[in-house]
Amino acid sequence: MALNLRGRDFLTLRDFTPEEIVGLLDLAADYKKKKKRGKRVDTFKGKNIALIFEKTSTRTRCSFEVAAHDLGIGTTYLAEGSQIGKKESIADTARVLGRMFDGIEYRGFEQSIVETLAKHADVPVWNGLTNEYHPTQMLADMLTIREHFGKLKGLKLVYFGDARYNVGNSLCVVCSKLGLNLTLCAPKKYFPSAQLVQDCEPWAKESGGSITLEEDIDKAASGADIIYTDVWVSMGEPDEVWAERIADLKPYQVTKEVIAKAKPTAIFMHDLPSFHDLNTTIGKEISEKFGINEMEVTDEVFESAQSVVFDEAENRMHTIKAVIAATI
């Protein structure tokens, strides 16, 4: 199938068919090969994109800027210095930026914000992360998995941790569309919404995939091809939230014992940043407050031969390059 996404917004993978998602992965793989060979792909000279960041980032910002640069596209970074959502409405900002730029990236809070941008801007809008969805991360994850296993369909991916937000939600969508067997392992109160699971069931049925909600760690990890986790708490949340999540999710920490229950060929994934080693400014503060040295994954697992987290991080750039090129 020819990939025809020109002018499309990229807000959530709910909006894309399995064929379109695979098409983006194929395009990303092609761009990756060309970059490794030093082949130029700057065919979009004269184009410019705006990057709106209400939440800070390392991977998302660098991925968009390097991807755009490789394509010959100029970037303008907008953070605390812009008027978005302050002196000017999201809708007005969208109409202004849509007249100046060829595409707009947004990384921030509610999904409704990026949807409002898309509604009022006459150029493609890309979701770099919202509270509800993280679609560019999912493309990077799927490309990484495909590189390691040569396929996606039929693989068992197990996610440990809080599955109610962007990563858990997005894994439900992408796995059900591409035929992976997803298990979300956590206490019940950290399961994704019943409505989201219900929405994904027809896609899973069509693709041959599945979604399983599981509290039992041993049962979840058994036979897994991929073990995946994410941070338990976001920056800025109050201490009582940190204390509650740490207490609830500590049993679901990814350790060498958990990995040992998976297949010998299993890989470990994390969208980063990770609290595998609290020897950072924020990490030391967390360690002192809550008496822990590691959170969602142990340093031993993070640094193991099974960890592909930096392949995953690199692939953010290649897949974002594909999204920009396909939609512009």
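Just so we're clear, the structure is a prediction, and the values are computed from it rather than from any experiment.

A. Representation of unusual backbone geometry within the structure. Omega for the peptide link from leucine 272 to proline 273 comes to 0 degrees, which places this bond in the cis form. As for its position among the elements, proline 273 is in the loop between strand E9 (267-270) and helix H11 (281-290). Of note, leucine 129 is a non-glycine position whose phi angle comes to about 155 degrees, a positive value. As for its position among the elements, leucine 129 is in strand E4 (residues 125-129). Positive phi, close to 65 degrees, is recorded for leucine 272, a residue that is not glycine.

B. Highlighting the packing of aromatic side chains. Here the structure, examined in full by the defined rule, presents 7 aromatic pairs. When the ring of phenylalanine 302 is compared with that of phenylalanine 310, the centres are 5.8 Å apart and the planes differ by 90 degrees; the resulting orientation is edge-to-face. The exposure class assigned to phenylalanine 302 is buried, which follows from its relative accessible area of 4%. Looking at arginine 61, its charged tip hangs above the ring of tyrosine 77, at a distance of 3.5 Å from the centre. The positively charged end of lysine 177 is found above the aromatic ring belonging to tryptophan 203, 4.3 Å away from the centroid.

C. Main features of the state of the cysteines. Going through the model one piece at a time under the given rule, you end up with 0 disulfides. This cysteine, cysteine 175, is not joined by any disulfide, and cysteine 172 carries the nearest cysteine sulfur, 7.8 Å off. Not engaged in a disulfide, the cysteine cysteine 200 finds its nearest cysteine sulfur in cysteine 172; these two sulfurs lie 5.3 Å apart.

D. Up close: the sheet that holds strand E8 (residues 226-229). Ordered by their spatial adjacency, 5 strands build an open sheet running E7-E6-E5-E8-E9, and the pairing between neighbours is parallel. Each edge of the sheet is formed by a strand with only one pairing partner; in this case those strands are strand E7 (210-214) and E9. For this sheet, the mean inter-axis angle between neighbouring strands, taken without regard to orientation, is 20 degrees. Of the strand pairs in this sheet, strand E6 (residues 181-185) and E7 are connected by 5 bridges, and their pairing is parallel.

E. Just the environment of lysine 289, in detail. If you trace the backbone, lysine 289 turns up in helix H11. Linking lysine 289 and alanine 243, residues 46 residues apart in sequence, is a C-alpha distance of 9.0 Å.

F. Structural view of the packing of helix H3 (residues 90-100) against helix H4 (residues 111-120). It is the contact of H3 with H4, at a shortest axis distance of 8 Å, that shows an interaxial angle of 45 degrees. Overall, the two elements H3 and H4 adopt an arrangement that is oblique. Remark: the crossing between H3 and H4 carries right-handed chirality. Where H3 approaches H4, its residues Ile90, Ala91, Ala94 and Arg95 are matched on the opposing element by Ile113, Thr116, Leu117 and His120. Within the contact of H3 with H4, the residues separate by chemical class into 5 nonpolar, 2 polar and 1 charged.

G. Region of interest: the pattern of salt bridges. Taken as a whole, this structure holds 20 salt bridges when the rule is applied. With its nearest N and O atoms 2.9 Å apart, the salt bridge here joins lysine 189 to aspartate 248. Within this pair, whereas lysine 189 is found in the loop between E6 and helix H7 (194-207), its partner aspartate 248 is found in helix H9 (residues 239-249), the two being separated by 59 residues in sequence. In this structure aspartate 248 comes out as partly exposed when scored by relative accessible area, which is 24%. Of the charged contacts, one joins aspartate 218 and lysine 261 as a salt bridge, the two residues approaching to 3.5 Å between their closest N and O atoms. With aspartate 218 in helix H8 (residues 217-221) and lysine 261 in helix H10 (residues 256-261), this residue pair connects regions lying 43 residues apart in the sequence.

H. Spotlight on helix H5 (residues 135-149). Between its terminal C-alpha atoms H5 stretches 21 Å, which fits the 21 Å expected from 15 residues at 1.5 Å a residue. Taken across its 15 residues, H5 has 11 buried, putting it largely inside the fold. A positive phi of about 75 degrees marks glycine 150, the residue just after H5.

I. Up close: the pairing of E9. The two faces of E9 match: Ile267 and Met269 on one face and Phe268 and His270 on the other face are all buried. Strand direction decides the pairing type here: E8 and E9, joined by 4 bridges, are parallel. Within E9, the residue paired with isoleucine 226 across the bridge is isoleucine 267.

J. Structural detail: the sheet that holds strand E3 (residues 103-107). One open sheet accounts for 4 strands, arranged E2-E1-E3-E4; its pairing is parallel. Each end of this open sheet is capped by a strand with a single partner; those strands are strand E2 (74-78) and E4. The mean inter-strand angle of the sheet, taken between neighbouring strand axes irrespective of direction, is 20 degrees. Two elements, strand E1 (residues 48-53) and E2, share 5 bridges in a ladder whose sense is parallel. Bridging across to E2, isoleucine 52 finds its partner in leucine 78.

Calculation criteria
- Residues numbered from 1 in each chain as written.
- Predicted model: local features only at pLDDT ≥ 70, side-chain atom pairs only at ≥ 80, totals over all residues.
- Heavy atoms only, no water.
- Helix = DSSP H or I, 4+ residues; strand = E, 2+ residues; numbered from the N terminus.
- Phe/Tyr/Trp six-rings, centres within 6.5 Å; stacked < 30°, edge-to-face > 60°.
- Buried < 20%, exposed > 50% of the residue type's maximum accessible area, 1.4 Å probe, protein only.
- Lys NZ or Arg CZ within 6 Å of the ring centre and 35° of its normal.
- Disulfide = S-S within 2.5 Å.
- Pairing = 2+ DSSP bridges.
- Axes fitted to C-alpha atoms, helices over the stretch in contact; angles between N-to-C directions.
- Parallel < 35°, antiparallel > 145°, perpendicular 65-115°, else oblique.
- Left-handed = near helix turned anticlockwise from the far one by under 90°.
- Contact = heavy atoms within 4.5 Å.
- Nonpolar A, V, L, I, M, F, W, Y, C, P; charged D, E, K, R; others polar.
- Salt bridge = Lys/Arg side-chain N within 4 Å of Asp/Glu carboxyl O.
- Expected span 1.5 Å × (residues − 1).

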